[in-house]
Every structure is written in structure tokens, then in C-alpha cells.
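A closer look at the structure
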Amino acid sequence: MSRSSKSRKTILIIGLFLFTLGVNFSAPSQEKKISFPITQFELKNGLQVILAEDYSLPLVSVVVGYNVGSINESPGKTGLAYLLQKMMFQGSENVGRMQHIKLIDNIGGILNATTTEDKTIFYQTVPSNQLARVLWLESDRMNSLDVNSLNIEQVKEALIEENRNRKEANPYFESLLAFDNLLYPDPAFSHPIIGYEADIRELTAEDIKNFYKTFYTPNNAVLSIAGNIDKRKTEREIRKYFETIPRGNNISPLPESDPLEKKEMVKTFEDSMATSPAFYLGYAVASPSSADFYPLTILEYILLRGKTSRLYKRLIERERIGFNLIGGLEKRKNLARFKIFIVSNNWMMVERCQKALFSELNKVRITPISEEEILKSKNLFKMDYLRQFETSLGKALSLAETFLEKKRVDDPGDELEKYLAVTPYIIMRTAKRYFTEESIILNVKIK
Amino acid sequence: MRKHLFYRMKRRSWLNLCLCLLLAIFNWNSLLLSQERFRKTPPYPESLAELKLPEVDSASLSNGLALYLIHRDNVPIINLRLIVFAGESSSPEKLPGVATLTAKMINLGALDLSSAEIDERIEFMGGNFTSSVYDDYSVFDFNFLEEHLDDAIGLLSRMILFPAFKKLEIENMKRSMKYELLNKKSDPEFLARRQIHRLLFKGHPYEKSIYNEDVIINLTQRDLAAFYDKYYKPNNSIVFLAGNLNLPTASRIVSRHFSTWQRKEVNHPFLPPPKASDRKRICVVNLPRAKDATIYMGNVLSMPGASGELLPLFVLNQVLGGTTASRLFMNLRESKGYAYWAFSEIEIFKNFCIFLIKTKVLAEVTYKSIEEAFNELKSVTDGEISSFEIEQAKSYLIGNFPLQIEALPSLSFKVSESRIFNLEDELWSKYYEKIMLVNSQQVFETARKYLLSTPVVVIVGDPKNIIDYITEFEEIEFYDNRGILQQTIKKEKSSEDR
């Protein structure tokens, strides 16, 4: 193994002299392109493949994303998407139970999976000479998942336990579900990803097999690979492992979800778990594919991101009327919501929080934000955005997620420019458009 | 007759045809049903790709401030990491916590800048700033957008050179530290690690890092100023910069902002390693309503960093409990079904290490789990490690190393760690080569030398749920979550014993 690590020691005698000169050595503030070359192709069975080379380290990240999540579950079958994510580690025709984890662990790799309302994503990073091992593992579970009753019962029990733990760990779990029911009238969009215990218990092997057969198909998936790869060789390997997996049936699109009623709504939820009074505020906003999503994202940073964001500064730091504040934009397939959740010490404080909150929302509607403040928010956003591309896994995940959402891959540099192009006027216009009187409030009282 | 023959021939050819068709269908089906050969077994890996470590340049200012520059150009972000050798072990005897409070105050006011103004400036650079304090050093981490390099270093220098230590901010921070500590006391892993440290560091300067919330309240502005004056010196600090930078530019900027920092001799007395525990101690820490038992077992390894034994110890740790494929996990969770998880780890300090086994188990198998962990320890010290296991452990360590240096903050951490502990070869430049050379004999010798002593055992849980399942132990010490001994229960000797 050879490496080249140069450690050049230089003694620089630089003292007060340079300091007093006051020369400005700051780096030029030009936007730096973060674009990187991408290769994209489709296999005969419909599997979408995206490759990105990065030779900085001998690593490769492999992401397999399926276009399925909790919104694809039928009534009474909640938890199925998440259960299937867990089942994918229970073995397939040639891979034993939990062997996938061990085979990645043994070579120093990392792996995980995640299920959202509209996506299920499996990912791993390994030394680049082990790429074929990951392709072998991923293709085997895409091709021939082992769904047997013993596995199913174990996973169901683990899921039910996780369900209980989550409820115990989050005293506002129930109220959040109640709020989601108000914000997303279509139950497919609002039920918890982890599912209801009663539904999970009733899930059968048949349900799981059907769900797998319908959604875990190459034509409903994207394979994204980033890292130290030889593109041609990688393409050959991908074709070897994935191209003979049979294409699945076409999936019929989900029916249009019920629109949110255009009216103000204020409800109260009595929560037996809540430890302090709290409230939720939500707005229906533009679909994630809309051009308004760029200013909405910057608006989220202005209001909620960082210690110097407007709401944090006023409610938590200055007036100290709330002690927990979270929120932001939320995407579920073609729907998006702007959510804010605040916990206070007592009911009087909740009312003061609501007044202060509406006054802040009104401010962004009627007063243009200063250039300095918008630049700060954009810089915070830019940092988060750039961090996605810091690692090979970040790149592969970002490419897979973008593809699942948009059916295309955008140039990361061009995309960033769109966020950075948002002006104070656009922010004001966007706030006016979405922070309307048609808000939904759920007050949480202690039972 | 001819007709008959014709019919017979025709019938035979029909039969042949049907047979052929049947065979063809059968073959086609079997072709479809049987999988490709390559699917049956995992593919062989290709040869290991070359690891090119990022270049590290260094320079030092005339006031003694050392600068390390780590080259990485994948994203236009910079990680700035300032190390000050002012850890909790340097806190005065009667003022534990002062190192932590001093570090936490650094970004809460400087010269003419208020805490809020500092926050504004940091976030304007897209940045985030954190301070952490360990036993041997304090560290300030600052991530920001590349184009703000000069402003960021300028801001850090103002915070470090001219901290305000405003009384009001000190009081706020003391309250916040107190509640943070109180909150952590519901975390069984935090309690377990703390109790292990408390037991192993008894009477040693490292004991100061295990202070309780009440001591923070008594710290004053004067205490902070005195601590700051003693330790926050350029010749007692190192700056690490990771990103797309070159040494001349970085040196100029660092020099411009830090050259007025006045040098002063800082005395760090040599701290010998704490004495390793040599007797079996079972300690229960009370965590009311915890339904499971969190077990930590550990001991001090008086291992000087440059002894060449660190990497065999890494391999040993990997075999025992590095991942889900290691012995502890396979035994306690996969085979016995006792544990939610079971791992081991090595904590590195300036002049020694701590070896830890940690697991979370069902309360009713607490004793059995501890027994199994002891069995695993015995098995590695008896030399029952196959070459295959050693190679597998090395394969993990080699494969995982690039992952640890991928993101900028973790890259900075890795480089700084090797400099802090003077382990540049072991943890950085020769890590790969040296790990590859580790053999079974070295691992066995390391195990015999360091893991034969009996570790102290800490069980965090609700004594009501655990007590019936640990009656086999001769003596059990019971502590509250502040680490104060409540009682010691000794097993009643049976009539035969008496």
C-alpha cells in the first residue's frame, strides 16, 4: 500500500509587521461551481442508473432508491413500507439473514436505510475495490427477497417495539399525528410511516409479497453510485447484476389527493403525554416542483434556521416565551407544507407566542428583508447545500433522491444558483402568497 | 399396409415432436428457474485501491502558534479547528469544571462584540461554531464558507485573544451547563461511562472531569480569567485548517490575526497513568424506571503511545467488539439473545488508554451477560484468535479508515488527534502500512499484557429490576447518579463457607 503524505514543515517568522500593514488577504468571493460529471443510463428492465466519479479517496457509495413510501399503503395496511425496508435485511435467495450487514461490516463499510412518505432508500459506502460485493447484495434482494413467516414475525415485533419507544421518547407524537391529519386530509399522506400497531399485527406474508412484487422492481428504482469508479467497468458490472432482474408491472399513479380546504382552522388536542402546552401552525404551500419552492426554502432559513433566525431570536432568545421551536418546509410527493411547532411553559405564554409568531409572519409579508439578512440566510442554506456533496455518500444520496422526486438529475451548481438568485422582493411576494389567513392551528393542551 | 405404415410413422413423428416440445419447455423453465451462477456467492474483491492521504503542511508563528494545513478541495468549505491544551485535567484542584466553562464562554462576547453579534457574524459566513472540552485539551471547531476565510480567522482571533467573560453571560452559561448535565443524567450510557471514569480516575488529576452540577454554580469570573491567563497561549495551542487552501495564504492570514497573541510559558506536569484496577468491582448506578441494564466494563491500560502496541490493540478491539460481526455482538446478541447491542472501544488519553466493553441487555440476564463478556475476555487472553479473525479485523480497519477522513470535520479531527497524542505514525501517516503488518502473535501478546487485569463493572439500571439477577456476585456497590456510594451489599456466606 503506498500513499503520499507530505508533511512539509516551514518555520515562518511572520509577526507584527504583517499585522500592522493591514493588508486584506481575504479570498475572492466568487461563486465556485460545485458541479461534477454524471453518467446516466437506463437498463432494459427500466432500472435508472446514475454514476458520479470522485477519485479523492478509495471509496464508493451505492444507493438504491425505490419510488415507494407510506403513501403507497392501502387503508388498514399502514407500516407496510417501513416493514419491507426492515425485511430487506432479512435475507434473499443467496444472502442469509442479516448477512448483508455483516458483509458490509467486515470490510469496514457503513450502511443504512430510510423510509419516508414517498421514498425507500438503501445505502452503503465501502472500499472501492468491493463495489461488486454491494452490487451483488443489492441485486439479490431486489431479485429474490426471502419473505418467510419467521422473519415476518420477528420484524413485526421489532416494529411494534420501535413504535412504542418512539411514543415514549416523543411526548408530542400523538399531537403531531393529529396535526398531520388536519394538514393532509388524505389519510394516505398523514398516517405515520411506522404504521399503527393494530395494522402491523394484521399484515400477512401475502401483503408483504404483493407490496414487494409491486414496488421493489427495477423499473420503479434508481441506482446511484458515486466514488472511485471506472465508469465502463462499473456499467458492465451493473448490467451483469441487475439487467436480468425481470421488469415489474407498471404502477398506476396514485389518485389525486383531496385538496386542503381553503379556510382558517383552529383546533385543540388534549394530549396525555405532553409535558408542556404547545401549538402547531401550518400552511399549504407550493408543490416541491414549483419555482416558488426556492424562495420558500430561503424563507424557511430566514424564519427558522440558526440562532439568529427571526423566530428563534424573538421567541426563544429575546422574549423567552417559548423554549422549543422547530419547523420548516415538508415535502410529501407532490404536496408541501410549511410547519411550525412551539412549546411554552404555560398557556399564557402560548398565546403570546402565537401573537409574536403572526407578527413576524406579517413582517415578512409587508416589509422587504434587508440585503444583509437575506445574504446571511442564503449563506446558511448554501453551507447545508454544499455539505451534501462533501462525501461520496452525500453525492449518491442527493442524486438518487433528486431523481426519485423529479425524474431527472439537476446540475448541483445550477440548482444552487436558483436559490441564491432569490431577492428580498421575491421573499415578500412569496410570504404574501402563502402565509395567508388560511392557516391551520392545533393547540396542544395537557390532559 | 402402406397406409398403416404411413399412419404409424406419422404417429411416431407426432410423438417425437411432442416429446421434443415437452423437453424444450422443461429446459426453458429450468433455465428460467435456475439462477445465474454468479448470484450464488459473493464476488471476489479487486485489489485494494491506493489511498492517497491529503497533504498536510505545517508552519509556526514566531509566538509559537503551530499551524497545520490539510488540503482537500471537494467542496468550498473550510474547517478551522483550534486546540488549546487546557483540558479538565488542568482545572485547579478545587475548581473542577473551570476548563469547560472557560471554553464555553469563548463565543459569548469578545472585546466590543456581544454574544449576539458573534452569532450574527458566524451565521453570516454560513458557519457554525462549537467548543468541547476533554481531559487533555479544549477544542474550538468552526466550519464556514471558503470565501469568508479572512473574516472567520479574524473573528476567531478576537474571541480567543479578547474574551469578554461578562458576568451575565457567565451566569447564563452556568445555568445552561447545569441543566445540560442534569438532562444527561437520564442517559444510561453517559452515567455508565462517567462512573467507570470516576472509579478508574479516583485520586488522579483526571478525576476533575467528573464534576457534578453543583460545582459549576460556584465558579466565578475571576476563576475563568485566571485559568484563561495560564493556558490560553499561542505556544500552548495548534490551529488546523482543512480545505482548498495553500500554506502561504493561510499562514499570512493566521499570522495577521494571531501574531499579537503573547507567548508565555505554560507548565504541563507529566501525569502518570492512573493505576489499573486489580480487583473485581461490581457497581450499580441507580437510574429509576430503567427497564434494561446498561453495562460498561473497563480498565486502564498503561500504554505509552509510542510503544507500538496501539495498533495490535486496535485489531484486538476489533476482534472483540468493534462491530456487529465481532465476538461480543455475535455472542451476546446473535447467539444468546441477551443484548440489544454489545461492543468494545479504546479511549485514548495523553499517556494511557482505557479499554471498554459496553452492552445494553435485558435486566434478567445481567449476570449472565457479564459472565459472557468475561468469557470473551478470557478467550482472547488465552490466545484463541484465529488468523482468519485477525485478517478480518484488519480488513475492517483498513477499509474503514478512508471513511473516517472523508468529511472535512472528521479529517481535521483525525489529523489533530494524531498530533495531540504524538501518534502521527500510528494514527495517520503510517496507519495503513502498520495495520497490515500486525500479526496474531502481536495481538496475543497485547491481550496477555493488557487484558488480563480484572476490569471494573458498572451496571446502570433500576436496582429493583436488576437486583434479583446479580445475586451471584460476592460484593456489590450501589451508587446514586451523582456517583455517591449509597451502600455496599456483601453476599451472605452459606453455613458451609462459614
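Model, not experiment: these values are computed from the prediction. Here, residues in each chain are numbered from 1, in the same order as that chain's written sequence. Ligands are numbered from 1 and chains lettered from A, in the order in which they are written. Local features in a predicted model are, by the rule used here, given only for residues with pLDDT of at least 70; side-chain atom pairs are given and counted only at 80 or more, and totals for whole chains, interfaces and linings are based on all residues.

Examining the overall build of chain B
The secondary structure listing takes helices from DSSP runs of H or I that are at least 4 residues long and strands from runs of E that are at least 2 residues long, numbered from the N terminus. Helix and strand content of chain B: 18 helices and 13 strands. As defined in this context, the radius of gyration uses C-alpha atoms, and a globule is described by 2.2 Å times the residue total to the power 0.38. Against the 2.2 N^0.38 benchmark of 23 Å for 498 residues, chain B shows a C-alpha radius of gyration of 30 Å, more extended than a compact globule. Considered along the principal axes of its C-alpha atoms, chain B spans approximately 125 × 80 × 45 Å. Counting only residues that meet the buried cut, chain B has 49% of its 498 residues in that class. Whether two residues are in contact is decided by their C-beta atoms, placed from the backbone, lying within 7 Å. A separation of at least 24 residues holds for 79% of the contacts in chain B among residues at least 6 apart in sequence. Any residue surrounded by 20 or more other C-beta atoms within 10 Å of its C-beta is treated as buried, while 12 or fewer makes it exposed and the intermediate range makes it partly exposed; C-beta atoms here are placed from the backbone.

Some words on the overall build of chain A
In terms of regular secondary structure, chain A is built from 17 helices and 12 strands. Against the globule reference of 22 Å for 447 residues, chain A gives a C-alpha radius of gyration of 25 Å, in line with a compact fold. Along the first, second and third principal axes, the C-alpha set of chain A runs to 70 × 60 × 35 Å. Across the 447 residues in chain A, those meeting the buried criterion constitute 45%.

Some points on the domain arrangement of chain B
Residue and element names in this part refer to chain B. The start and end points of each domain follow an automatic or database-based domain assignment. When cut into domains, chain B gives domain 1 (56-258) and domain 2 (281-490). Spacing between the C-alpha centres of domain 1 and domain 2 amounts to 29 Å. Taken together, the contact pairs 31 residues of domain 1 with 28 residues of domain 2. Elements with a contribution of two residues or more to the side of domain 1 that touches domain 2: strand 2 (66-71), strand 3 (77-84), strand 5 (138-145), helix 6 (188-200) and strand 6 (237-243). In terms of residue count, helix 6 provides more of the side of domain 1 that touches domain 2 than any other element does, 11 residues in total. Under the convention adopted here, Pro, Cys and the residues Ala, Val, Leu, Ile, Met, Phe, Trp and Tyr are nonpolar, Asp, Glu, Lys and Arg are charged, and Gly plus all remaining residues are polar. Looking at side-chain class alone, the side of domain 1 that touches domain 2 contains 16 nonpolar, five polar and 10 charged residues.

Concerning helix 13 (residues 347-366) of chain A
Residues and elements named next belong to chain A. Along its 20 residues, helix 13 runs 29 Å from first to last C-alpha, staying within 8% of the 28 Å computed at 1.5 Å per residue. The set of residues buried in helix 13 consists of M349, V350, C353, L357, L361 and V364. Around the axis of helix 13, the buried residues are gathered within 105° of arc, so they sit on the same side. More than 90 degrees from the buried face of helix 13, the exposed residues found are M348, K355, S359 and I366. Where helix 13 is buried, its residues touch strand 9 (278-285), helix 11 (293-304), helix 12 (310-318), strand 11 (335-343), helix 17 (424-434) and strand 12 (440-446). For a helix, the expected span equals 1.5 Å multiplied by the number of residues minus one. The reported arc concerns the directions from the helix axis to the C-beta atoms and nothing else.

Observations concerning the domain arrangement of chain A
All names here are of chain A. Along its sequence, chain A is organised into domain 1 (38-242) and domain 2 (265-446). For domain 1 and domain 2, the distance between their C-alpha centroids amounts to 28 Å. The set of elements that each furnish at least two residues to the side of domain 1 that touches domain 2 consists of strand 2 (38-42), strand 3 (48-53), strand 4 (59-66), strand 6 (120-127), helix 6 (173-183) and strand 7 (221-227). Per-element accounting of the side of domain 1 that touches domain 2 gives the leading share, seven residues, to helix 6. Across the side of domain 1 that touches domain 2, the residue classes break down as 22 nonpolar, nine polar and five charged.

Observations concerning the interface of chain A and chain B
With 65 residues of chain A at the interface, the matching set in chain B holds 68 residues. Of all the elements in the fold, those that place two or more residues in the side of chain A that touches chain B are strand 1 (7-11), helix 1 (16-21), helix 3 (99-105), strand 6, helix 4 (131-143) and helix 14 (371-387) of chain A. Among the elements that take part in the side of chain A that touches chain B, helix 14 of chain A stands out by supplying six residues, more than any other. Partitioned by chemical class, the residues of the side of chain A that touches chain B number 26 nonpolar, 24 polar and 15 charged.

A look at the sheet that holds strand 11 of chain A
Residue and element names in this part refer to chain A. Pairing between two strands is assigned when DSSP locates at least 2 bridges connecting them. The mixed open sheet is built from five strands, whose spatial order is 8-12-9-11-10. At either end of the open sheet lies a strand with only one pairing partner, and these are strand 8 (265-271) and strand 10 (324-332). Ignoring strand direction, the axes of neighbouring strands in this sheet form an average angle of 15°. Where strand 9 lies against strand 12, five bridges are found, and the strand directions are antiparallel. Considered in strand 12, the bridge of F279 is made with N443. The axes used here are C-alpha line fits, helices contributing only the stretch in contact, and every angle between their N-to-C directions lies in the interval 0 to 180 degrees. Where helix 6 meets the sheet, it contacts strand 8, strand 9, strand 11 and strand 12, and its direction lies at approximately 160° from that of strand 12. Running over the sheet, helix 11 touches strand 9, strand 10 and strand 11 and is turned about 170° from strand 10.

Quick look at helix 9 (residues 247-258) of chain B
Over its 12 residues, helix 9 of chain B runs 16 Å from end to end, which matches the ideal 16 Å to within 8%, given 1.5 Å per residue. When we look at burial in helix 9 of chain B, the residues that qualify are B:A250, B:S251, B:I253, B:V254, B:S255, B:R256, B:H257 and B:F258.

Here we look at unusual backbone geometry
With the exception of glycine, the majority of residues adopt a negative phi angle, and the majority of peptide bonds are in the trans configuration. For A:K333, which is not glycine, the phi dihedral falls at a positive 55°. Inspection of the secondary structure assignment puts A:K333 in the loop between strand 10 and strand 11. With 20 C-beta atoms counted inside 10 Å, the residue A:K333 sits in the buried group. Residue B:R289 is not a glycine yet carries a positive backbone phi of 70°. Positionally, B:R289 belongs in the loop between strand 7 (281-286) and strand 8 (292-301).

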